[in-house]
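So the chains spell out like this:
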Amino acid sequence: MGLKSKDLKGKPEEDFDLSDSDDDHEIHVGDGFNFLLHPVNEADADNDNDDQVADIDEDESYGDLDYNIAAIHNNEDNGSSDDDDGDGSDDDDNRKKKKVSEVVSSPSDSEDEDNEDDDSVEEDSGEEADDLSDDLNEGSADDDEELVFKTTGSKKGKNLKRKLDEPVSDCPQLGSQSASKKTKVDSVLFTPPSNEELHQLKEAENLFHSSLFRLQLTELLNEIQLKEKRKKLIDEVLHGLKKVLTELPEGKQHEISNQKWVEKKKIKVPLIQQPWGVKGKFCFYPPSKVKVTGSYLLDTCLKSDVQVDLAVEMPQLCFQPKDHLNHRYLRKRALYLTCLATHLRKSDLVNDMKFTYHHGNHFKPILVLNMQAGTGKFFTVNLHAVPEPGVFKLNRFSITKNNVRQQWFSGTESETTTNDESQPPTPYYNTAILQDVTMMSQLEHVYKTLQNSPGVREGVCLLKVWLRQRELYKGYGAFSGFILSMYISYLLSIKKINRLMSCYQVVRSALLHLSQSDWTTEPLTLHSDLGDPHCPTAVEFYQHFDVVFIDKTGYVNLCAEWTRDMFFRVKHEASLSLKALDDREVDGFESLFMKRVPFLQKFDHVFHISHLDTLKEAVELLNMEDRYLDRGGNCVSACLSALLELLYKALGQRVHLIQVKSQPAPQWSIDEDAPKCVHNRLSVGLSLNPEHSSSVLERGPPADSVQAKEFRSFWCDRSELRRFQDGGICEAVVWSGKTVSAKRLTPSLVIKYILKRHAGIPKKNVTYIGGQFDGILNDSHEDLRSHSVTTGEEGHMTVLASYEELCKLLRSFDDLPLTINTIQGTSPIFRFTEVFPPHAFSSGDKTNFNQSKALKDLPTWTPVHRVVCLLEGSGKWPEDKDAIRRLKAAFYIKLGELLTEKNLQVRVRPDHVDVCRDGFVFRLKIAYLHEITVLKTVKTPDGMVQMRDTAESVELEREVVSLPKLTSTLHGIQQRYNTFSVVVRLAKRWLSAHLMSDYLSEEALELIVAHLYITPAPFSAPSSPVCGLLRFLSLMSQFDWRTNPLMVNLNQAFTKKDYADIPSHFTKERAIFPAMCIMTPLDKTTSPWTRENPPAQIVHRVTVLARESLTLLESHLTQGSQMDYKQVFRPPLDMYDVVIHLRPKHLPRIHQAVDQTPNIIHGCHSNTNSQEGFPVTEFDPLRCYVQELRDTYGDLALFFHDTYGGNLVAVLWKPQTFQPQPFKVTQLNARMVDMNSASHKEVKTLPNMEAVLEDFRVLGGGLVEQLDIRTEKWKD
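A brief report on the enclosed structure follows. Numbering of residues begins from 1 in every chain and follows the order in which that chain's sequence is written. In keeping with the predicted nature of the model, local features appear solely for residues at pLDDT of at least 70, side-chain atom pairs appear and are counted solely at 80 or more, and the whole-chain, interface and lining totals rest on all residues. Think of the side-chain values as coming from all heavy atoms in the structure, minus any hydrogens and water.

## Notes on the overall build of the chain
How we decide: Counting from the N terminus, the helices are DSSP H or I runs at least four residues long and the strands are E runs at least two residues long. Each residue is assigned to one of three classes by its accessible area relative to the maximum for its type, calculated with a 1.4 Å probe on protein chains only: buried under 20%, partly exposed between the two thresholds, exposed over 50%. By the convention used here, residues are in contact when the closest approach between their heavy atoms is within 4.5 Å. Areas reported here follow the Shrake-Rupley algorithm with a probe of radius 1.4 Å; residue values treat only the protein chains shown as occluding.
The secondary structure content of the chain amounts to 43 helices and 34 strands. Relative to its 1276 residues, the chain shows a buried fraction of 56%. Of the contacts formed within the chain by residues at least 6 apart in sequence, a portion of 75% connects residues at least 24 apart. Accessible area for the chain stands at about 55000 Å²; split by element, carbon and sulfur atoms hold 49% of it.

## Here we look at the sheet that holds strand 15 (residues 697-702)
This is how the line gets drawn: Paired strands are those between which DSSP finds at least two bridges. In this description, a line fitted to the C-alpha atoms serves as the axis of each element, helices being fitted only across the stretch in contact, and the angle between N-to-C directions of two axes falls anywhere from 0 to 180 degrees.
The three strands are arranged 15-17-16 in an open sheet whose pairing can be described as antiparallel. Where the open sheet ends on each side, the last strands, each with one partner, are strand 15 and strand 16 (719-723). Direction aside, the axes of adjacent strands within the sheet are offset by 40° on average.

## Side note on the pattern of salt bridges
Side chains that carry opposite charge are capable of pairing whenever their charged atoms lie near each other. In plain terms, the rule: One side-chain nitrogen of Lys or Arg within 4 Å of one carboxyl oxygen of Asp or Glu is enough to make a salt bridge.
Inspection of the entire model under this criterion finds 48 salt bridges. Between Arg 596 and Glu 471 there is a salt bridge, and its shortest N-O distance comes to 3.8 Å. Of the two residues, Arg 596 is situated in the loop between helix 23 (588-594) and helix 24 (599-602) and Glu 471 in the loop between helix 18 (454-469) and helix 19 (481-493); the sequence distance between them amounts to 125 residues. A relative accessible area of 31% places Glu 471 in the partly exposed class. Ionic pairing is found between Asp 1268 and Arg 1270, a salt bridge with its closest N-O pair at 3.3 Å. Residue class for Arg 1270 comes out partly exposed when judged on its relative accessible area of 37%. Within this structure, Arg 831, Arg 958, Lys 988, Glu 1002, Glu 1003 and Glu 1006 form a network of salt bridges that share partners.

## Some details on the sheet that holds strand 18 (residues 766-769)
Reading across the sheet, the four strands line up as 12-14-11-18 and stay open at both edges, with antiparallel pairing between neighbours. One side of each edge strand has no neighbouring strand; the edge strands of this open sheet are strand 12 (655-660) and strand 18. Strand-to-strand twist across the sheet, computed as the mean angle between neighbouring axes with direction ignored, equals 15°. When strand 12 meets strand 14 (residues 682-688), the two strands line up antiparallel, connected through five bridges. Following the sheet pairing, Leu 657 is matched in strand 14 by Ser 687. Its contacts with the sheet put helix 27 (residues 635-651) on strand 11 (605-609), strand 12 and strand 14, and the angle it makes with strand 12 is roughly 165°.

## With respect to helix 27
Worth spelling out the cut-off: How far a helix is expected to stretch is found by multiplying one less than its residue total by 1.5 Å. The angle between axes fitted to the seven-residue stretch ending at a residue and the seven-residue stretch beginning at it gives the bend at that residue.
The terminal C-alpha atoms of helix 27, which comprises 17 residues, lie 23 Å apart, in line with the 24 Å expected from a rise of 1.5 Å per residue. Of all the bends in helix 27, the greatest, near 35°, is centred on Ser 641. Most of helix 27 sits inside the fold, with 14 of its 17 residues counted as buried. Positive backbone phi, at 55°, marks Gly 652, one or two positions downstream of helix 27.

## Examining a positive patch on the surface
Threshold: A residue counts toward a patch only above 30% relative accessible area and without a salt bridge, and it is joined to like-charged neighbours within 9 Å or, for Val, Leu, Ile, Met, Phe, Trp and Tyr, to nonpolar neighbours within 5 Å. When charges are counted, neither His nor the chain ends are considered; positive counts come from Lys and Arg and negative counts from Asp and Glu. Every charge is mapped onto a representative atom, which is NZ of Lys, CZ of Arg, CG of Asp or CD of Glu.
Positive charge collects at one region of the surface, where Lys 252, Lys 260, Lys 264, Lys 265, Lys 266, Arg 345 and Lys 346 lie side by side. On the secondary structure map, Lys 266 appears in the loop between helix 12 (260-264) and strand 3 (281-283).

## A word on unusual backbone geometry
Both trends apply: most residues other than glycine have a negative phi, and most peptide bonds are in trans. In this chain, Gln 274 is followed by Pro 275 through a cis amide linkage whose omega measures -5°. Following the sequence through the fold, Pro 275 ends up in the loop between helix 12 and strand 3. In this model, Lys 322 sits at a positive phi of 65°, which is unusual for a non-glycine residue. Here Lys 322 lies in the loop between strand 5 (307-314) and helix 14 (328-344).

## Concerning the packing of aromatic side chains
Stated precisely, the cut-off is as follows: Stacked, edge-to-face and tilted labels apply to pairs of Phe, Tyr and Trp rings (six-membered ring for Trp) whose centres lie within 6.5 Å, assigned for plane angles under 30 degrees, over 60, and everything in between, in that order. Look at NZ for Lys and CZ for Arg. If either is within 6 Å of the ring centre and within 35 degrees of the ring normal, a charge sits over the ring.
The full count for this structure, using the stated rule, is 50 aromatic pairs. Ring centres of Phe 363 and Tyr 428 lie 5.9 Å apart, and the angle between their planes is 45°; this geometry places the pair in the tilted category. With Phe 363 in the loop between strand 6 (350-357) and strand 7 (365-372) and Tyr 428 in helix 16 (residues 427-437), this pair connects stretches of sequence that are 65 residues apart. For Tyr 428, a relative accessible area of 2% puts it in the buried group. An aromatic cluster is built from Phe 479, Tyr 487, Tyr 490, Trp 519, Phe 549, Trp 562, Phe 567 and Phe 568, whose rings are joined through pairwise contacts. Positioned above the aromatic ring of Tyr 428 is the side chain of Arg 631, whose terminal nitrogen or guanidinium carbon lies 4.0 Å from the ring centre.

## Let's talk about the packing of helix 42 (residues 1181-1193) against helix 43 (residues 1249-1260)
The test is simple: Crossing chirality is assigned from the near helix's rotation relative to the far helix, an anticlockwise turn below a right angle marking it left-handed and a clockwise turn marking it right-handed.
Between helix 42 and helix 43, the shortest axis-to-axis distance is 10 Å and the interhelical angle comes to 145°. Classified by chirality, the crossing of helix 43 by helix 42 is right-handed. Here Tyr 1185, Glu 1188, Leu 1189, Thr 1192 and Tyr 1193 of helix 42 come into contact with helix 43, specifically with Val 1252, Asp 1255, Phe 1256, Leu 1259 and Gly 1260.

Next comes the structure, spelled out in structure tokens:
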């Protein structure tokens, strides 16, 4: 089954509306960019609110709830109050503003936000919003000064308008007064900018990159930051919750290991308690303090994901000596949360509650409360249980000490107080507890750092958006909001940023430092007190952690959960973002903050490791027993770092980057057991190095070197000695792979072997995403029988090799009147973009074409490859177009004779010569450039000679000028990016499979894919077919063709002026441009490849198909199991009125179908033809049948088919088809008299649908198998 019309979000008529509209180019793209920033589930506790704590108690200067929530959320927000929302009256003027609004918040959230603010909107706030929206839409990077002047001089502009509107009286006196007024007006017009205006101009240039960028950032911040009114509502709820928590009753004392009292309350402890036996007693006491923590306090909380963190202090009475040992603290912490859940589920303040792991750390469960602020406003409160200050000493949890005894953990002995010096250190366990113990000190540091720095706080908000768009913000080992805030405070401490910087400068400085630093070798530290002898050193931190960021106390590594891959990914993204900001081709704002960077589109190859319970064997093989103890028996956490190191070593130069996808922490009901494993599976992404990723030979060290032994022990039986061309005898590893498609999957062979050999992970547990679509491009009959797959690269090379030999032969001819100077192929085969490269025709298997009249045996599909031959210049060419054609025909005859003398099969025609060489047919066409000028010359009726484009001149210029240039350029792109060919062919196959290939030219599609490689921001260029196809579908589903041209910067020829002028000209003259406009440096004012097609309705249809295909494909790839990926290439037929099914055995290209049938394929595998052995070229009954249908009934319906192996024709009636028309003798094709109009004076006609449907069958002859009539609109 393929895509269904019901999946396309609307009725078929709505999706594919062919009705006439006032604007022929209007395209409705559905939800637009609304999906770019998905609002996260408010109950998700992997939040950005971990920046740390603020006290709620009134006796603390920075901890009072009223002070913290009311004072820090003052009017420093630069206009983020409730009164900021204005009502714009012009939709077009507010388009960009609405776009940002849709991106950063859900529609319901925005609507509620607007409703709540209506009560307090001031009169002039709407004017400010309208002015801002006007400036945002009218401005560009080149008119920064004009933008700022509009914003600052709005009152002056109103006064000026009033003066200009005053009439000038005819009275001389009044006239003189008016003249003086006019002089004043002129003086106003030419008054130099004031000091304030100059200051704002300079500020926009220095602090915000440009005025437009400043406006965009301001609008984005207004949309993502909480309004004051909503903060007040949340504060009221928090006060009520604090009162409930502090008034909870005291509980009874129980043994930790005796939890029957918990079972009676029908609630589960949110912790995996293994081993079970733990000494100690637990008694619930009400919290000593309740403290607001995280980004809500710091005013860096995002509106789309409002989460408030509350630190609930467990009183000292809850603890006993040695609670730091053997998970005792963790058990008491979990039991405390259980008691809180028991009491809170009776409260009316809480709508729902669940447990989750804080940032995926299975040691740190938290209680998630879903609460309501006001009417319809929900937000999330995360309760963190932390010890009261003074319960534990910091040095007790130094990363060099052991606090989990091996004997207790293994179950060989009960808890013991054995000296921890003989035990392995437990740095991860110690850090998990230290994070709770040091929460107050972290709060104080971050709060003081960001308290009086509005620009810095805004920068933190923007960086959160940046991280969220790249899926780096949530999950185990992610770049959380807490780490981000601490990182910004670190940059402040080392003077990389200062408190007076703008939000743009903060973002740029942070990205610059990220791109230049290396946290895996040079630690970041906030610790300045060097007098504590118990603090671990940086060397000790690196012995236990991959990434080191030391907090203010000197004991906590803030990045303890990070692996190297996370930091390298963040560093890589920072480098790409800086490049985008400095690139004139890229919209930096959109690249950084608006475009999503999904995991599947970011990485070239992805593989999933399932059945993670088998990783316990990997723990033993990788010698990770100590980490297994430290991580509390979590196999994934224990061996993840070692697995990544193993993959980096095995893949070497094949990859640039490896990253494990951060999975959101699971949530579960309070009456359910905690999940035993945080991860259901591991998803690992590979960013490939195209220069080495496909290499099947890996050269190792010389056989007599010291490194050879290590190499052999790593690769084991795969290692062998080989002699290389330079004479060296070295260790080497050779992988199988004969075709290009097989070589692309070499990394999968490496990964599966290494994981099995060194980690004990079975190959069946590894699902590799890389070659799922190779079969779509495979049409070789031999390959189908042998179950091997080739994607056609070899076929392209074979044709090009034959073409090169033909070119040498043509250049060697001296008997031609004029020498051939330039030879250029123009067919897709020369651009490496032919979907199915042809197989060589064998003249040995001759079949008389006369015997094929009964269609018992079809000639094989044999395409022709068009070649343009440009002759040397000569002044003897005639000036008449008919004479030129006759002279060219003589050249063809002479050229045919010369080729025949070389024993080549030749077929001469008046306008070309077909040559069969090596089983391939090349169509040679002679080009004379002056012929274009001759065809443009037109004589008017009065005898004047004019130069204008004609249909003939445009077509000839396209064939002999535009196509050769385009072919040469795209061929160069393929030489630089070796996956360009496959991605283009997959895109063509997808478009054709959905029956749309006739409405979008091959060249236009190739340019769209080329744009993905030339301007890949915010990505890097794709290095795999799957990744490229995903990005193509994403571009087609997101791009707003109605308001923007697609600028494809071939050869980097666009200038900065072009990037300003072309969009401006497009906006002003939108009506003269086609529905889909593609600009290149060769065509800066026109879109020649989309001039005729597609119409606006087809563009909309392709957009919808791309969006649904992308959703379906991402779902299949994420699941990672053996899914039917061909489903993406199966068209939905529900929307069509008639489907004409054809007999497959009569279709020469049926072997190219998505769902191939071997019996039919083998049955029509014949060769062809005439007695002289020249193949029948481009014999396609389906194409001829569709063309005849369009010629005959194109005024009644649209016809769709799949060019590559399609066996049906879909028909869609035009809306005006069934409307009565006046009776005319010249318009009686397939029409009959409307009997209902016979009594009227004017006779009307209606289409004779029964005759039309019968003609469909008659025109097809034996080709048509059946007609599937899905609708009968003519009866309505």
